[in-house]
Amino acid sequence: EKIINSTFSFILRNKNYLPQKLLLLTAFLSLFVTNDVAIALSTVLTLNVVKNTEFLVALETAMANLASALSPIGNPQNILLVHRFSIPPIELLKE
């Protein structure tokens, strides 16, 4: 909880490069939760702090999908591959 609060306060404290920070936050979240959850969380945050959000939300969606491919829990397909075929998570990064 403290890590999340400090991350959000860092992002919102200084509005310089706010869209880039939100994109990086989305990518970071999608490594540890599924891409759907990362998109939902980042979209809510973006809608509350940024004007003209359409393009930024589209970029966040793309960023979450791309970054989630690197994680064994980032998207449902990777979860299935790791569980069903006993693939070590590091193998997802090799190819």
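Because the structure is a prediction, the values reported are computed rather than measured.

How would you sum up the overall build of the protein? Please name residues and give values.
Summing up its helical and strand segments, the protein has six helices and zero strands in all. Scored against the burial criterion, the 95 residues of the protein give a buried share of 32%. Long-range pairs, those at least 24 residues apart, make up 51% of the contacts in the protein with a sequence separation of at least 6.

Report on helix 4 (residues 54-68), specifying residues and quantitative values.
Its 15 residues give helix 4 an end-to-end C-alpha distance of 21 Å, which sits within 8% of 21 Å, the value for a rise of 1.5 Å per residue. Here helix 4 has its buried residues at Leu-56, Val-57, Glu-60, Ala-64, Ala-67 and Ser-68. The buried residues of helix 4 occupy an angular sector of 95 degrees when the element is viewed end-on, so they sit on one face. Opposite the buried face of helix 4, by more than 90 degrees, sit the exposed residues Glu-54, Phe-55 and Leu-66. Tucked inside the fold, the buried residues of helix 4 contact helix 2 (18-32), helix 3 (35-49) and helix 5 (76-84).

Explain the packing of aromatic side chains to me, and be specific about the residues and the numbers.
By the definition in use, this model includes one aromatic pair. The cationic tip of Arg-84 hangs over the ring face of Phe-85; the distance from NZ or CZ to the ring centre is 5.6 Å.

Now, about the environment of Ala-40: what can you tell me, with residues and values included?
If you trace the backbone, Ala-40 turns up in helix 3. Taking the relative accessible area as the measure of exposure, Ala-40 reaches 43% and is therefore partly exposed. Between the alpha carbons of Ala-40 and Thr-26 there is a distance of 9.5 Å; along the sequence they are 14 residues apart.

Calculation criteria
- Residues numbered from 1 in each chain as written.
- Predicted model: local features only at pLDDT ≥ 70, side-chain atom pairs only at ≥ 80, totals over all residues.
- Heavy atoms only, no water.
- Helix = DSSP H or I, 4+ residues; strand = E, 2+ residues; numbered from the N terminus.
- Buried < 20%, exposed > 50% of the residue type's maximum accessible area, 1.4 Å probe, protein only.
- Contact = heavy atoms within 4.5 Å.
- Expected span 1.5 Å × (residues − 1).
- Arc of directions from axis to C-beta.
- Phe/Tyr/Trp six-rings, centres within 6.5 Å; stacked < 30°, edge-to-face > 60°.
- Lys NZ or Arg CZ within 6 Å of the ring centre and 35° of its normal.

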